[in-house]
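Coordinate analysis (summary)
Each chain, written out:
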Amino acid sequence: MGTGGRSGQRPGKASTDGVGVTPGASASYQYRCIECNQEAKELYRDYNHGVLKITICESCQKPVDKYIEYDPVIILINAILCKAQAYRHILFNTKINIHGKLCVFCLLCEAYLRWWQLQDSNQNTAPDDLIRYAKEWDFYRMFAIASLEQTAFLIGIFTFLWVEQPMTAKKKPNFILLLKALLLSSYGKLLLIPAVIWEHDYTPLCLKLIKVFVLTSNFQAIRVTLNINRKLSLMAILSGLLLESTMVYFFQRMEWDVGSDCAIYKDQDF
Ligand SMILES: [Zn+2]
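Cut-offs and rules
- Position numbers for residues count from 1 along each chain, tracking the sequence in the order it is written.
- Residues qualify for local features only when their pLDDT is at least 70, as the model is predicted, and side-chain atom pairs are given and counted only at 80 or more; totals for whole chains, interfaces and linings, by contrast, use all residues.
- No hydrogens and no water enter the side-chain calculation; it runs on all heavy atoms of the structure.
- Note on definitions: the grid is 1 Å and covers protein atoms alone; a cavity is a set of points where a 1.4 Å probe fits but cannot get out; a pocket is an open set with protein on both sides within 12 Å along at least five of seven lines; lining residues have an atom within 4 Å of a point.
- Grid points are joined across faces, edges and corners, and a volume is the space filled by probe spheres set on the points.
- Numbering goes from the N terminus for both helices and strands, where a helix is a DSSP run of H or I of at least four residues and a strand is a run of E of at least two.
- We call two residues in contact whenever any of their non-hydrogen atoms come within 4.5 Å of each other.
- UniProt positions are given in the numbering used here, feature names are shortened, and annotations may be inferred rather than shown by experiment.
- A pair of strands is labelled paired if DSSP reports no fewer than 2 bridges between them.
- The rule for donors is simple: an N, O or S atom within 2.8 Å of the metal counts, and for Na, K and Ca the reach is 3.2 Å. Water is not among the atoms, so a site may look short of donors.
- Four donors are marked tetrahedral only if all angles between them lie between 85 and 135 degrees, whereas four are marked square planar and six octahedral if opposite donors are more than 155 degrees apart and the other angles lie between 65 and 115; the remainder are marked irregular.
- Type-normalised accessible area, obtained with a 1.4 Å probe on protein chains alone, sets the label of each residue: buried when under 20%, exposed when over 50%, and partly exposed for intermediate values.

So, on to empty space enclosed by the protein. For the structure shown, the criterion picks out two cavities of 30 Å³ or more. When its volume is computed, the second largest cavity comes out at roughly 40 Å³. Around the second largest cavity sit C103, C106, L107, Q150, L183, S186 and K189, which together line it. With three residues, the single largest contributor to the lining of the second largest cavity is helix α4 (residues 99–121).

Okay, here's the thing in structure tokens:
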């Protein structure tokens, strides 16, 4: 049931049978049952003239992936509700490949938030040109710091799971899939921009809720991708937060104004 189980694939008959959902799918057992996480050869069978039959999982006797019939909006709502089935559908049974762009965009949102907080706290009296260059430089600096903190968070999670791995898994965890899952599940950071643009009294509370939402999504992504229990997933998230907080602490020791949204230091930003 581990994530590395795709090596034992039989030569697929997929192309000749008209089986499978993704064009160009070359091998069998590349999908997962969203209910029990068992590997599955196909999501549906295309009999003839568009007559489709959803495959039933051999292990749990439920449809392998009911979401293939659902509207994307419903799937998104289920993902927002952190349903494991929706996560499995997105991570295993679709070919979504936007994690890189999404990561950069999330970092830009975070950099903008920090930059905005910095503008609020700095009352500069320097000439206009100087202010403009300084502000631009500040934005790049915030982007770099946000990237470093994101990297520290991910390294914390991966280190914990790597150390924990011999005790918990027989097969090697698929860390590339996990990285993709973590980047995808950080989509909640996109909410930072509306939270900042529609500034009101509850903005600090909104930012905290967004942070909690992103961490919950990351937690669920780890749990689903590696098929591990909640405790391990929570500990992985805490390890990531710990390393991120340590990095923020060192930044602060160097007296950089990082405007971090790291939970431990959050309060003093507002
Ligand atoms: Zn199943």
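Here L161 lies in helix α5 (residues 128–168). Measuring from C-alpha to C-alpha, the distance between L161 and F175 comes to 9.3 Å, with 14 residues separating the pair along the chain. Apart from the residues within four sequence positions on either side, L161 is in contact with F175, L178, I222, L226, I228 and A236.

Turning our eyes to something else, we now look at the UniProt feature "transmembrane region" (unreviewed entry) in the protein chain. In the numbering used here, UniProt assigns the "transmembrane region" (unreviewed entry) feature to residues 142–163, 175–197 and 232–251. Helix makes up 100% of residues 142–163 and strand 0%. Its end C-alpha atoms lie 31 Å apart. Secondary structure content for residues 175–197 is 70% helix and 0% strand, and the end C-alpha separation is 36 Å.

Where strand β3 (residues 44–48) lies against strand β4 (residues 51–54), four bridges are found, and the strand directions are antiparallel. From the neighbouring strand, N48 faces β4, where its bridge partner is V51. Hairpin geometry of β3 and β4 is characterised by an intervening segment of two residues between the two adjacent antiparallel strands and by a positive phi of about 50° at H49.

Attention shifts here to the coordination of the zinc ion. Note on the zinc ion: its protein donors are C33 (SG), C36 (SG), C57 (SG) and C60 (SG). The metal-donor distances range over 2.2 to 2.3 Å. Coordination geometry of the zinc ion: the four donor atoms subtend angles of 104 to 119° at the metal centre, consistent with an arrangement described as tetrahedral. Written as a sequence motif, the donor residues of the zinc ion are C-x2-C-x20-C-x2-C. On the criterion of sequence distance, the pair formed by C36 in the loop between β1 (31–32) and β2 (39–40) and C60 in the loop between β4 and α2 (72–80) is long-range, its members being 24 residues apart. Residue classification places C36 among the partly exposed positions, given a relative accessible area of 21%.

With respect to burial, helix α3 (residues 84–92) is a largely interior element, seven of its nine residues being buried. Taken together, the buried positions of α3 are A84, A86, Y87, R88, H89, L91 and F92.

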